[in-house]
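Below are the chains, spelled out letter by letter.
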Amino acid sequence: PNLLSFDMGGTTAKGALIRDGRPLRRYEFEVARAYEFKQGSGLPLRVPVIDMIEIGAGGGSIAAVDERNLLAVGPRSAGADPGPACYGQGGKKATLTDANLALGYLVPDAFLGGRMMLDRAASEEVIGESVAKVLNVEVTRAAWGIHEVINEDVARAFRVHASEIGFDYRRCAMIAFGGSGPAHAIRVARKLRIPKVIFPVGAGVMSAIGLLTTPISYATLRSGRVLLDVLDKADLEAGFAPVEGQALELLVESGVPKHTITLERRLDMRFQGQGHEVEVALPDDFQLADLSDLFQQTYAQVFATTPLNTPIEIVNWKIEVSGLRPDFADRYRPFSGPLEKVTSDRVVQAYRDDILGFDTWPVMNRYTLGEGTKVEGPALIQEDEATTVLGPGERIEVDSMGNLIATLAPAGDTR
């Protein structure tokens, strides 16, 4: 029920939190944070959004040595034109994709299901010129530095985001997707002490699948401060009425039959005198007398304690309305069973940080792995849009829907 959704593509890494089966939302979104991803250092936008942290870290992120003589990766990106040097399109800057290729985590002749050949020599050349020579280290060491800097940058941003809302990563699972996500997910999860990582089928196109399976919805709010002590049932209904009517009208105009629309009510509440509030979801069967307890429970989840004998006030009245799930959501089947294994087992040389050198890693075709299959690392698991990197001692098992499930041992436990 508690999840970190981790999406890393070509230019950015994004993290969104799901608590008790519901994605966390914000009605004020901050962009362009300038100081270590910290709240208050960016530009606020008053729009309803999924609560998400996003940083410039992806496959195209450019690596360079900064003015402090430290290795930095991103936020500048090589984009699709010219792209990483290994694409052979004229790129001259070292990127994360180049580093992963130089480390052996991408197989040159199997990229995009074998439809595109990567140039490993070009990757090693640009890493050598722009990073290795400047830092006076070997190319492999520089490539590993690029890979690990991204892992730590992502983990640091996610830590800050979770601390702002009191989310404990040790009691959640990570779902990893995007073209680059499966190559970095387990290492990021270890840094955050997340015990389980789930790799869905079609990881590289999961964002598109999500859009196709998500119902049309609309969220809105109105501000209005009211002390809970003086609130009665009529006041509560009057507070929601304007935003409820607006939300329903917009969804009906979008073509959603009114009888299929579901409605959710939420309140932003706080202790009187505070400068911040918490969002309280109202159950369908709640009673006005329950509102104080609902708020205190929600407040304690975020801050671990609650003030005593302090008046409570409502600040914002929120409505979210949704239509039915699209037909595609019911038809979509991510996994219809494994394909017959028609190719021989393959191995490559890939980097292991525990021995500081290259070792033999098996390469597996994800589409041939059936339910119950277990794989122990080191191993590379390939699909058309992504490669899952399974380090030494790490294990995955395929579930009934084709997901790869990695259960991580606690730090120091190599069982």
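Position labels on residues start from 1 in each chain and follow its written sequence. Where totals are concerned, whole chains, interfaces and linings use all residues; where local detail is concerned, this predicted model gives features only for residues with pLDDT of at least 70, and gives and counts side-chain atom pairs only at 80 or more. Hydrogens and water molecules were not included; the side-chain quantities draw on all heavy atoms of the structure.

1. Regarding the overall build of the protein chain
A tally of regular secondary structure across the protein chain gives 8 helices and 23 strands. Taken over C-alpha atoms, the radius of gyration is set against a globule rule of 2.2 Å times the number of residues to the power 0.38. The C-alpha radius of gyration computed for the protein chain amounts to 24 Å, which stays within 12% of the reference 22 Å derived for 415 residues, consistent with globular compactness. Projecting the C-alpha coordinates of the protein chain onto the three principal axes gives extents of approximately 70 × 50 × 45 Å. Only protein chains enter the calculation, and the probe is 1.4 Å; a residue is then buried if its accessible area is under 20% of its type maximum, exposed if over 50%, and partly exposed in between. In the protein chain, buried positions account for 46% of the 415 residues. A run of H or I in DSSP counts as a helix once it spans at least four residues, and a run of E counts as a strand once it spans at least two, with each numbered from the N terminus.

2. Notes on unusual backbone geometry
Among all residues except glycine, the phi angle is most often negative; among peptide bonds, the trans geometry is most common. Cis peptide bonds are those with omega within 30 degrees of zero, and the linkage from Gly-74 to Pro-75 qualifies with 5°. Within the secondary structure, Pro-75 is located in strand S10 (residues 71–77). In this chain, Gly-377 is followed by Pro-378 through a cis amide linkage whose omega measures 10°. Considering the arrangement of structural elements, one finds Pro-378 in the loop between strand S19 (374–376) and strand S20 (379–382). Despite not being glycine, Asp-20 has its phi angle at roughly 55°, a positive value. By the element assignment, Asp-20 lies in the loop between strand S2 (13–19) and strand S3 (22–23). Classification of Asp-20 by relative accessible area gives exposed; the value is 52%. Located in the positive-phi region is Leu-356, a residue other than glycine, with phi close to 55°. Tracing the chain through its elements places Leu-356 in the loop between strand S17 (346–352) and strand S18 (357–365). By relative accessible area, Leu-356 is classed as exposed at 61%.

3. Concerning the packing of aromatic side chains
Aromatic pairing here means that ring centres of Phe, Tyr or Trp (its six-membered ring) are within 6.5 Å. Orientation follows from the plane angle: under 30 degrees is stacked, over 60 is edge-to-face, and everything else is tilted. This structure, assessed with the given rule, holds 11 aromatic pairs. Arranged with centres 4.9 Å apart and planes meeting at 70°, the rings of Phe-271 and Phe-295 form a pair that is edge-to-face. With Phe-271 in strand S14 (residues 262–271) and Phe-295 in helix H7 (residues 291–303), this residue pair connects regions lying 24 residues apart in the sequence. Residue class for Phe-271 comes out buried when judged on its relative accessible area of 1%. Aromatic pair Tyr-351 and Phe-358: ring centres 5.9 Å apart, planes at 75°, arrangement edge-to-face. Exposure remark for Phe-358: the relative accessible area of 32% places this residue in the partly exposed category. Members of the aromatic cluster, joined through ring pairs, are Trp-144, Tyr-351 and Phe-358.

4. Quick notes on the sheet that holds strand S16 (residues 312–322)
Any two strands with at least two DSSP-identified bridges between them are counted as paired. Here 4 strands make up an open sheet; going across it, the order is S13-S16-S14-S15 and the pairing antiparallel. Every interior strand has two partners, whereas the edge strands, strand S13 (217–227) and strand S15 (278–282), have only one. This sheet shows a mean twist of 25° between the axes of neighbouring strands, independent of strand direction. Note that S14 and S15 share 5 bridges and pair antiparallel. In the sheet register, Asp-268 faces S15, and the bridge partner there is Glu-279. Contacts are assigned to residue pairs that have any heavy atoms within 4.5 Å of one another. Throughout, an axis means a line fitted to C-alpha atoms (over the contacting stretch in the case of helices), and angles, computed between N-to-C directions, take values from 0 to 180 degrees. Running over the sheet, helix H6 (residues 233–253) touches S13, S14, S15 and S16 and is turned about 25° from S16. Strands S14, S15 and S16 of the sheet are contacted by H7, whose axis makes an angle of about 135° with S15.

5. Examining the environment of Gly-74
Mapped onto the elements, Gly-74 comes out in strand S10. Spatially, the C-alpha atoms of Gly-74 and Gly-56 are 5.7 Å apart, while their sequence positions differ by 18 residues. Here Gly-74 is in contact with Gly-56, Ser-61 and Ile-62, once residues within four sequence places are set aside.

6. What about helix H3 (residues 139–165)?
By this rule, a helix spans an expected 1.5 Å times one less than how many residues it contains. The terminal C-alpha atoms of H3, which comprises 27 residues, lie 40 Å apart, in line with the 39 Å expected from a rise of 1.5 Å per residue. Trailing H3 by a residue or two, Gly-166 shows a phi angle of about 70°, which is positive.

7. Some points on the sheet that holds strand S21 (residues 387–390)
As summarised here, the arrangement of the 4 strands in space is S17-S18-S20-S21, forming an open sheet in which the pairing is mixed. Two strands in the sheet have a free side with no partner beyond their single neighbour: S17 and S21. Strand-to-strand twist across the sheet, computed as the mean angle between neighbouring axes with direction ignored, equals 30°. Two strands pair when backbone bridges link them, and S17 and S18 are joined in this way by 7 bridges, in the antiparallel orientation.

8. Re the environment of Ile-312
Positionally, Ile-312 belongs in strand S16. On a C-alpha basis, the gap between Ile-312 and Ile-405 in space is 43 Å, while along the polypeptide they are 93 residues apart. With sequence-adjacent residues up to four places away left out, Ile-312 is seen in contact with Val-226, Leu-227, Leu-228, Met-269, Arg-270, Phe-271, Ser-292, Phe-295 and Gln-296.

9. Quick word on the pattern of salt bridges
By salt bridge we mean one thing: a side-chain nitrogen of Lys or Arg within 4 Å of a carboxyl oxygen of Asp or Glu. Scanning the entire structure with this criterion turns up 30 salt bridges. Measuring nitrogen to oxygen at the nearest pair gives 2.7 Å for the salt bridge that ties Arg-25 to Glu-320. Here Arg-25 is found in strand S4 (residues 25–26), whereas its partner Glu-320 is found in strand S16, with 295 residues between them in sequence. The buried category is assigned to Arg-25, whose relative accessible area is 18%. We classify Glu-320 as buried; its relative accessible area is 8%. A salt bridge links Arg-159 to Glu-152, with the shortest nitrogen-to-oxygen separation between them at 3.1 Å. Look at Glu-152 and you get partly exposed, because its relative accessible area is 28%.

10. Brief notes about the environment of Ile-50
Its place among the elements puts Ile-50 in strand S7 (residues 49–50). Linking Ile-50 and Leu-17, residues 33 residues apart in sequence, is a C-alpha distance of 8.8 Å. Ile-50 has contacts with Ala-16, Pro-23, Leu-24 and Arg-25, leaving out every residue within four places of it along the chain.

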